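A structural walkthrough
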Amino acid sequence: MPPRTLRLLCSSLLTLCFIASICLLGTTAGPVYSGLTAHEWGTFTSVAGPDGQAVEWSPLTGSTDLPGFVEQFQKGGYKLGLRGTVRMETPVLYFYAPSEETVSVQVSFSKGVITEWYPHASRVEPRTALHDGTLYYANQPDGSIAWDSVTLSPSLTVDFPQEARSDRYYAARATTSTSLRVQTPTGEQHEKFLFYRGVSVFPVPISAAVTSAGQVRAENRGNNTFPSVILFERRGEKVGYRIANALQTEATLDLPELTASVDSLARDLEGILVTRGLYQNEAQAMVETWRDSWFEEGSRLLYIVPPEFVNAVLPLTIKPAPMQTTRVFVGRLELITPATASAVERAFAQHDRATLAKHARFLEPILKTMIENAPSFDKAQQFRNDLNFYYNSQFR
């Protein structure tokens, strides 16, 4: 065959293959924006009981730390209702798009309820009102939230909603993420991310118990390795922490010496978040958002939640699919150590409101653990009286 004829034949075959591949992509492959990236971070907060496993508590007590423009399921009217084992706090979903694109987003929440969100969502399930204990029904359905049309606008220049009072919500905006807009019945809303929160009763994949020797034994209750675990303690202005890597089964950690600083832990935690896939400014925004909460009075485990577990309990669907989706969640397991119990007992006896405020939303599980571990009937009754005082204060 002459060379010229051979070249023409090869060219024709390549053209046919290219056309066939385009047809195949059009019929079988899901749409993907080659330049679109999605990054998300959030927190799962729980409280460990005497056996180390997450206990029931009321995570929605106290005043909200969110601005007034954030929407709330049941308008936040929970008091001591909607009890759960997990408070999902401030997941924020960032997008990075080189040009204007429109996407739809849906998140399901295993055995949970989405309680707050912004911008306005297309749907939030369940739609019916919930009452005390609803999350503990045997047939508790999964919650969900959906935004059907989110327009990503790299050139968008608007003022984002802001209230006069300082609020941790705004720290999450300190990134280079693409601005977005959502059309609502009352007009457009603009933000740097999609925001949502919730409460659930899904089984927490880690436990932590204080041993008789004063150590903390952490146990992996799932099938996935925890990349990093941090044991943190703060007493007044004194701070200490220990970092353990790759928790596969269990580990016993000594309580840290209180010789460190919040700033050093913030830097270490930012570094861990970056190694898990967040951009530097996202890691900084996450730590700044939760700095006053993660590093407050008391003892706790902070751990990187295995991504496989995040995807199982919080499935995320974005259409068209981004080229890359990274999700980094930090778990917080509050520990009720003897030092915490002693501080709370003294605070009730001395009517020390400032100290009680430091443990505010965890007072119920702390007091229940103190009742269970009380050395005598009289002590248990004293702690029950303190618990009743706490309950009454929540309903005033």
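About the criteria used
- Residues numbered from 1 in each chain as written.
- Predicted model: local features only at pLDDT ≥ 70, side-chain atom pairs only at ≥ 80, totals over all residues.
- Heavy atoms only, no water.
- Buried < 20%, exposed > 50% of the residue type's maximum accessible area, 1.4 Å probe, protein only.
- Helix = DSSP H or I, 4+ residues; strand = E, 2+ residues; numbered from the N terminus.
- Pairing = 2+ DSSP bridges.
- Salt bridge = Lys/Arg side-chain N within 4 Å of Asp/Glu carboxyl O.
- Core = buried A, V, L, I, M, F, W, Y, C linked by side-chain atoms within 4.5 Å.
- Contact = heavy atoms within 4.5 Å.
- Axes fitted to C-alpha atoms, helices over the stretch in contact; angles between N-to-C directions.
- Phe/Tyr/Trp six-rings, centres within 6.5 Å; stacked < 30°, edge-to-face > 60°.
- pLDDT = per-residue confidence, 0-100.
- Bend = angle between axes of the 7 residues up to and from the residue.

Across the 10 residues that make up strand E13 (residues 226–235), a large majority, 10, are buried. Pairing of E13 with strand E14 (residues 238–247), which is carried by nine bridges, proceeds in the antiparallel orientation. When the bridges of E14 are listed, Ser-228 appears paired with Asn-245. Joining the antiparallel neighbours E13 and E14 is a turn of two residues, in which Gly-236 adopts a positive phi near 65 degrees. One ladder, built from six bridges, connects E13 with strand E16 (residues 298–304); its direction is antiparallel. Along E16, the bridge assignment pairs Val-229 with Tyr-303.

Right, let's get into the pattern of salt bridges. A full pass over the atoms with the stated rule returns 18 salt bridges. Residues Arg-87 and Glu-116 are paired through a salt bridge, measuring 3.1 Å at the closest nitrogen-oxygen approach. With Arg-87 in strand E3 (residues 86–96) and Glu-116 in strand E5 (residues 112–118), this residue pair connects regions lying 29 residues apart in the sequence. Here Arg-87 matches Glu-116 in class, with each residue buried. Taking the shortest distance from any N to any O, the salt bridge between Arg-168 and Asp-292 comes out at 2.7 Å. Of this pair, Arg-168 sits in the loop between strand E7 (143–152) and strand E8 (180–184) while Asp-292 sits in helix H3 (residues 280–294), placing them 124 residues apart in sequence.

All right, on to the nonpolar core then. Ranked by internal contacts, the top residues of the largest apolar core, which has 55 residues, are Phe-95 and Leu-301. Contact partners of Phe-95, with chain neighbours within four places excluded, come to Leu-36, Thr-37, Ala-38, Val-103, Val-105, Leu-152, Ser-177, Thr-178, Leu-180, Leu-194 and Ile-318. Grouped together as the second largest cluster of nonpolar side chains are 35 residues, Val-70, Phe-195, Trp-290 and Leu-302 included.

If you trace the three strands from one edge of the open sheet to the other, you get E11-E12-E15, paired in antiparallel fashion. For this open sheet the edge positions go to strand E11 (206–210) and strand E15 (250–253), each flanked by a neighbour on one side alone. Averaged over all adjacent pairs, the angle separating strand axes in this sheet is 15 degrees, with direction ignored. Across four bridges, strand E12 (residues 216–220) lies against E15 in antiparallel orientation. Bridge pairing links Val-216 to Leu-253 in E15.

Structurally, Gln-284 is set in helix H3. The exposure class assigned to Gln-284 is partly exposed, which follows from its relative accessible area of 37%. Taking the C-alpha atoms as reference points, Gln-284 and Val-274, 10 residues apart in sequence, are found 9.3 Å from one another.

Attention shifts here to the packing of aromatic side chains. The relation between two aromatic rings is expressed through the spacing of the ring centres and the mutual angle of the planes. Counted according to the given criterion, the structure contains 18 aromatic pairs. Judged by centre distance (5.2 Å) and plane angle (70 degrees), the rings of Tyr-169 and Phe-195 are edge-to-face. In this pair, Tyr-169 sits in the loop between E7 and E8 while Phe-195 sits in strand E10 (residues 194–200), placing the two residues 26 residues apart along the sequence. Overall, Tyr-169 belongs to the buried group, its relative accessible area being 4%. Aromatic ring contacts, followed pair by pair, group Phe-69, Tyr-94, Tyr-118, Tyr-169, Tyr-170, Phe-193 and Phe-195 into a single cluster.

As a further point, take the confidence of the model for the chain. Summing up the model confidence of the chain, the mean pLDDT is 87 and the portion of residues at 70 or higher is 85%. Within the model, the stretch residues 3–30 combines pLDDT values under 50 with three contacts to residues more than four positions away or in other chains.

Along H3, the sharpest kink reaches roughly 35 degrees, centred on Glu-288. Every buried residue of H3 is listed here: Asn-281, Glu-282, Ala-283, Ala-285, Met-286, Val-287, Thr-289, Trp-290, Ser-293 and Trp-294.

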